[in-house]
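Observations on chain architecture
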Amino acid sequence: MRQRSIAILGIRACMACDGAARVSHKSKVKRYKKEDEVLVERWVLRNLRHPSIIEMYHAFQEVGALYLSLELMPGGELWSITHRCGLPLATAKFYAAQMLEVLQFLHERDVVHRDLKPENVLLTQDAHVKVIDFGTAKLLRHPIKLSADDPSKEDNKADRRGKFKEFVGTPEYMAPEAINNKFATQRADLWAFGAFIAQLVTGHPIFKGASDYLTFKRVLARKYLLIEGTPPLAADLIGEFTLDLMSVYYEAHHEIYKRWVGLTRPGVQQGARFHW
């Protein structure tokens, strides 16, 4: 009863500070082997503060559930304003510039998001982005101990799952090495970023096939499909991002940043006029 009272008080405090409560039931976390995801997300939100990363106010628990108190995003998902219709190029570059900045912030701290997509980006009241959902993020420096990295669990299911932990993400945005279950670094996020930009401009995932398997084949073959009626300027922008990425993809990720900063520079200049 006392634990339940603590949870209720925590949620009320969250609402009082214009926050949102995220609840995870412990039974489901354990059943679906999500313990590591809970630990990773809490670590990222507690230790990495950036204007474009959602803020965590509190993390607490009771007997049956885990709670995260997060800032409230009244603008909803970025996906909701890009789905099917896409965005004007100037607006797309504005969001691309913000996303590139927060990715650089994460990557300089050896954090790979691994599930970058418009559904995982929320909007503030003044239309700035907030990246969410760090549960599947990869911490390259291993600042916390995770069950999948525990050698003492060699014979249990958690360890066998750990051997496949590189196969993470949403098919339309997954990088080739993630699909092939190879070691993923910051470059995997930059691949997803290219697909992310295409989604913003066209309103559709450019690698999406009739099934996940066909989507994976498109990604591995570097074959993207633009919908009929895509504006020529938008097609040119997507071509620049996609071809540029393919040409330097296996170089150091900072080389990709250099090229893409040039493509998003108008968005950076536009973003500089807003209050962060």
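Let me sum up the structure you'll find in this document. (Residues numbered from 1 in each chain as written. Predicted model: local features only at pLDDT ≥ 70, side-chain atom pairs only at ≥ 80, totals over all residues. Heavy atoms only, no water.)

Focus on the side chain of His 128
Relative to the assigned elements, His 128 resides in the loop between β5 (121–123) and β6 (129–131). A distance of 3.3 Å separates the side chain of His 128 from the backbone oxygen of Asp 126, its partner in a polar contact. (Helix = DSSP H or I, 4+ residues; strand = E, 2+ residues; numbered from the N terminus. Polar contact = N/O pair within 3.5 Å; in protein donor to acceptor, adjacent residues only side chain to side chain.)

Focus: the packing of aromatic side chains
Using the criterion set out here, one finds 5 aromatic pairs in the structure. Here the aromatic rings of Trp 191 and Phe 207 are separated by 5.8 Å at their centres, their planes lie at 25°, and the arrangement is stacked. Of this pair, Trp 191 sits in helix α8 (residues 186–202) while Phe 207 sits in the loop between α8 and α9 (212–221), and the two are 16 residues apart along the sequence. The two residues Trp 191 and Phe 207 agree in class, both being buried. Over the aromatic face of Phe 183 sits the side chain of Lys 138, whose NZ or CZ is 3.5 Å from the ring centroid. (Phe/Tyr/Trp six-rings, centres within 6.5 Å; stacked < 30°, edge-to-face > 60°. Buried < 20%, exposed > 50% of the residue type's maximum accessible area, 1.4 Å probe, protein only. Lys NZ or Arg CZ within 6 Å of the ring centre and 35° of its normal.)

Digging into unusual backbone geometry
For residues other than glycine, phi is negative in most cases, and the peptide bonds are mostly trans. In this structure, Lys 33 is a non-glycine residue whose phi angle is positive, near 55°. Relative to the helices and strands, Lys 33 is located in the loop between α2 (26–31) and α3 (35–47). Positive phi, normally seen in glycine, also occurs at Arg 114, with a value near 75°. Along the chain, Arg 114 turns up in the loop between β4 (111–112) and β5. Judged by its relative accessible area of 16%, Arg 114 is buried.

Considerations on the pairing of strand β3 (residues 65–71)
The buried count for β3 comes to 7 of 7 residues, which makes it a mostly enclosed element. Inspection of the sheet shows strand β2 (residues 56–61) paired to β3 by 5 bridges, in the antiparallel sense. By the bridge assignment, Ala 59 is partnered in β3 with Leu 68. (Pairing = 2+ DSSP bridges.)

Structural notes on the packing of helix α5 (residues 89–108) against α8
Here α5 crosses α8 at 165°, and the two axes come no closer than 10 Å. With respect to α8, the element α5 is oriented roughly antiparallel. In this structure, α5 crosses over α8, and the sense of that crossing is right-handed. Counted together, Leu 89, Ala 92, Tyr 95, Ala 96, Met 99, Leu 100, Leu 103 and His 107 of α5 and Gln 186, Asp 189, Leu 190, Phe 193, Phe 196, Ile 197, Leu 200 and Val 201 of α8 form the full contact between these two elements. A breakdown of the residues in the contact of α5 with α8 according to their chemical character gives 13 nonpolar, 2 polar and 1 charged. (Axes fitted to C-alpha atoms, helices over the stretch in contact; angles between N-to-C directions. Parallel < 35°, antiparallel > 145°, perpendicular 65-115°, else oblique. Left-handed = near helix turned anticlockwise from the far one by under 90°. Contact = heavy atoms within 4.5 Å. Nonpolar A, V, L, I, M, F, W, Y, C, P; charged D, E, K, R; others polar.)

Digging into the pattern of salt bridges
Under the criterion given, the structure shown has 10 salt bridges. Note that Lys 34 is salt-bridged to Glu 37, the shortest N-O span being 3.4 Å. For Lys 130, the salt bridge identified is with Glu 71, shortest N-O distance 3.2 Å. Linking Lys 130 in strand β6 with Glu 71 in strand β3, this pair joins segments that are 59 residues apart in sequence. Residue Lys 130 shares its accessibility class with Glu 71, and that shared class is buried. Where salt bridges share partners, they join Arg 114, Lys 138 and Glu 166 into one cluster. (Salt bridge = Lys/Arg side-chain N within 4 Å of Asp/Glu carboxyl O.)

Focus: the environment of Pro 143
In this fold, Pro 143 is placed in the loop between β7 (138–139) and α6 (157–162). Using a relative accessible area of 41% as the deciding quantity, one classes Pro 143 as partly exposed. Each C-alpha atom, one on Pro 143 and one on Trp 43, is 8.8 Å from the other, the two residues being 100 residues apart in sequence.

Focus on the environment of Glu 62
When you line up the elements, Glu 62 lands in the loop between β2 and β3. You can call Glu 62 buried: its relative accessible area is 6%. As for Glu 62 and His 25, which are separated by 37 residues in sequence, their C-alpha atoms are 9.8 Å apart. In this structure the side chain of Glu 62 is engaged in a polar contact, spanning 2.7 Å, whose partner is the side chain of Tyr 67.

In short, shape yes, function no, at least from these values alone.
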